[in-house]
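Results of the structural survey
Listed below are the residues making up each chain.
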Amino acid sequence: MKPTFQKSDTNSEIAVNAGIQFIDFTFHFFNMAKTLFRHENQVRANSLAFQAILELSQLEGSSQPISMSDLADQLRIPKQQLTKLVNDLEEKQLVTRVHNKTNRRKVHISITPSGQSLLAELHQAMLTSTIQALSAYTNNELLEMAQSLKSLNRLIEKFNLDTPCNTKKESRSSYD
């Protein structure tokens, strides 16, 4: 069903069309990723745990690990769900939890060398699966796909996830 607008606005119609295409692409992509990236390790490639480790790995090199609150915000999950996830990842020795010495309520998380290694293994397995799946394409199709994905990556950086329907005003817990 196509949304209606109170005023005739070409921009709104273009946005609706782009939104429909985005949702269609997202459904296709997630279904493909679930099938293509079924690598069974300590962490599945399409799981929330994988997303958490990926977020932590991108912070590598920064002088300070990320707080539990900030990681929950970045993953857009409740802090309670993150606590269980971090417990599981810590048990597998993929992340470490560090309590602030002066304020034990402040908890920070960082990725371990084992977590980095697992992420590298998953990345390589995903790349191998992707390359195998791309073998069905012609060189022209591969060039078109590469250019389209490059453009999509550039454009997706502007995607606003902080719209009213995507943000929850949660009170900060003792993780801060």
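Definitions and cut-offs
- Residues numbered from 1 in each chain as written.
- Predicted model: local features only at pLDDT ≥ 70, side-chain atom pairs only at ≥ 80, totals over all residues.
- Heavy atoms only, no water.
- Helix = DSSP H or I, 4+ residues; strand = E, 2+ residues; numbered from the N terminus.
- Buried < 20%, exposed > 50% of the residue type's maximum accessible area, 1.4 Å probe, protein only.
- Contact = heavy atoms within 4.5 Å.
- Pairing = 2+ DSSP bridges.

1. Observations regarding the overall build of the protein chain
When you go through the protein chain residue by residue, the secondary structure sums to six helices and three strands. When the helices and strands of the protein chain are listed from N to C terminus, the series reads α-α-β-α-α-β-β-α-α. Of all 176 residues assigned to the protein chain, the portion counted as buried reaches 25%. Contacts in the protein chain between residues far apart in sequence, at least 24 positions, make up 57% of those at least 6 positions apart.

2. Notes on the pairing of strand β3 (residues 107-111)
Counting buried positions over the five residues of β3 gives four, a clear majority of the element. The pairing of strand β1 (residues 66-67) with β3 spans two bridges and is classified as antiparallel. By the bridge assignment, Ser-67 is partnered in β3 with His-108. Of the strand pairs in this sheet, strand β2 (residues 95-99) and β3 are connected by five bridges, and their pairing is antiparallel. Paired with Thr-96 across the two strands is Ser-110, which belongs to β3.

3. Digging into the environment of Pro-113
Looking at the element boundaries, Pro-113 is found in helix α5 (residues 113-134). Expressed as a C-alpha distance, the spacing of Pro-113 and Leu-94, which sit 19 residues apart in the sequence, is 7.5 Å.

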